[in-house]
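Structural characterization, general
Here are the chains, one letter per residue:
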Amino acid sequence: DTARWLDRRVTRADDRLGEVAGWCGLVSTGLIMADGKARRLYAEAGLVRALGELVSDDGGVLSRSPVCQIEAIELLIALRACYEAVREEPLPQIQTMLALLVPPLLALLHGDGALGNWQGAGAVSADQIATLVNASGMRTRPLRDARQWGYQRATAGKAVLQFDAGPPPVARHARDGCASTLAFEFSHGMDRVIVNCGGAAFAGGMIPLRLEQGLRATAAHSTLTIDDFNSTAVLINGRIGSGVSEVEVDRRTLSADASGPTGAGGGATRIEASHNGYVSRYGLVHRRILILRDDGTELRGEDLLVPSGRKGKRGTIGVALRFHLGPHIELAASTDGKGITLALPDGSLWQFRSGRDPISVEESLWADGQGRPVGTRQLVVTAKVPRSGESFSWLLKKMR
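Since the structure is predicted, the reported quantities are computational estimates derived from the model, not experimental observations. (Residues numbered from 1 in each chain as written. Predicted model: local features only at pLDDT ≥ 70, side-chain atom pairs only at ≥ 80, totals over all residues. Heavy atoms only, no water.)

1. Considering the environment of A81
Locating A81 in the fold gives a position in helix α4 (residues 66–85). Through-space distance from the C-alpha of A81 to that of S28 is 9.5 Å; in sequence the pair is 53 residues apart. (Helix = DSSP H or I, 4+ residues; strand = E, 2+ residues; numbered from the N terminus.)

2. Topic: the packing of aromatic side chains
Counted by the stated rule, this structure contains 11 aromatic pairs. When the centroid spacing of 5.0 Å and the interplanar angle of 70° are considered together, the rings of F323 and W394 count as edge-to-face. Placement of the pair is F323 in strand β11 (residues 316–325) and W394 in strand β17 (residues 390–398), with a sequence separation of 71 residues. The class for W394 is buried, based on a relative accessible area of 5%. Taken together, the ring pairs in this structure connect F184, F323, F352 and W394 into an aromatic cluster. Cation over ring: R64 sits above Y151, and NZ or CZ is 4.4 Å from the ring centre. (Phe/Tyr/Trp six-rings, centres within 6.5 Å; stacked < 30°, edge-to-face > 60°. Buried < 20%, exposed > 50% of the residue type's maximum accessible area, 1.4 Å probe, protein only. Lys NZ or Arg CZ within 6 Å of the ring centre and 35° of its normal.)

3. Focus: the nonpolar core
Grouped together as the largest cluster of nonpolar side chains are 48 residues, with contacts concentrated most on L47, L54, V61, I73, L101 and L115. Per-element tally for this core: the top contributor is α4, with 9 residues. Not counting chain neighbours up to four residues away, the residues in contact with L115 comprise P66, I70, L105, L108, L109, H110, A121, G122, A123, V124 and R192. Listed in part, the 41 residues of the second largest apolar core include A165, I271, V381 and F392. (Core = buried A, V, L, I, M, F, W, Y, C linked by side-chain atoms within 4.5 Å. Contact = heavy atoms within 4.5 Å.)

4. Side note on the sheet that holds strand β9 (residues 284–293)
Ordered in space as β7-β8-β9-β10-β17-β14-β13-β12, the 8 strands form an open sheet in which the pairing is antiparallel. Edge positions in the sheet fall to β7 (247–254) and β12 (330–333), since each of these pairs with one other strand and no more. Each adjacent strand pair in this sheet contributes to an overall mean axis angle of 15°, direction not counted. Here β9 runs beside strand β10 (residues 298–307); their pairing, made up of 9 bridges, is antiparallel. Its bridge partner being in β10, R287 is matched across the sheet by L304. (Pairing = 2+ DSSP bridges. Axes fitted to C-alpha atoms, helices over the stretch in contact; angles between N-to-C directions.)

5. Let's talk about helix α2 (residues 16–32)
Taking 1.5 Å of rise per residue, 17 residues should cover 24 Å, and α2 covers 25 Å from first to last C-alpha, within 8% of that figure. Buried residues dominate α2, accounting for 12 of its 17 residues. Here α2 has its buried residues at L17, E19, V20, G22, W23, C24, L26, V27, S28, T29, G30 and L31. Summarising the contacts, the buried residues of α2 are in contact with α1 (2–9), α3 (37–54) and α4. Residue D15 occupies the N-cap position of α2, its side-chain oxygen lying 3.3 Å from the main-chain nitrogen of L17. (Expected span 1.5 Å × (residues − 1). Polar contact = N/O pair within 3.5 Å; in protein donor to acceptor, adjacent residues only side chain to side chain.)

Below you can see the structure in the form of structure tokens.
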């Protein structure tokens, strides 16, 4: 009865991941039922087609959600086990797709082995991720530059930098779509220093449903907002509206040079990206430059608002740069108001400095791997700037 129900409705699933789940159910039914070969062959063809429409060329699911990435991997592992249970040779595309899906997921792991908070996800635990990867049978490295999935990863010493350098998912693929373009997360060793709130995918459990849209907003991510507007419109039911449609990315390695931007002669990774999410409303492009030193002890950033087109606009706008902090970090402000000392759980001290405007400390929220809200704080740099454009520099550095 279930198989006949799926036969009629599998192509009418809410999204591609739901359709993949339906095809997996039909393939497994064809494997275990007598006279199921015809259904199995039909379902295998449907599964291969649906997987091709679910996953980008670099292996990231088109919803850009690591939670959906995990679900896709789990479905294929379970389906492969069905083949093995009846001593049938698995569909070869299953292994090919697992080899594609695992490296992008690894790119969003921090030094503690747990997941970053992207597109509504929480910090899924290292044990759960390790169990999943072991079950997949894939032995591979994280994908450093997943341009189609939209994430950049840089590692240096004990530091891990994750950068959202892609547009939000289009409406037909989004499940818990977030306006997070040009947000970043940064960890050092086992401690998360800069994070995103995350948790929209878990709303309705321990995270109240009324917070879902707020957790998907640009302000819930460590990036820049103008007048508290989202860079991409956040709609109901996890959908995304108009906003960011183009993101340009440039990544390069800087050689060691004592006179260069990295300071004391160390090399660095430089990632620059820009988006057009504020062009239609304000005529401004947001460009962010991140420079991570090769020893992992310094992250320099610059956020620029660049006019789009030749004609400048008059008036002023309110800008806020938000840096949500990981849990259990103690703070101490400097006397000039432009610096904050961060004491991490491992005992190390870091300093965050703003190049031009004072820093305020506000309450924030961070979602752990169980979908539980954890109270934390955020550093906020606010300013009134001309609509003709402006730049903001900042520095996060480990103190010796």
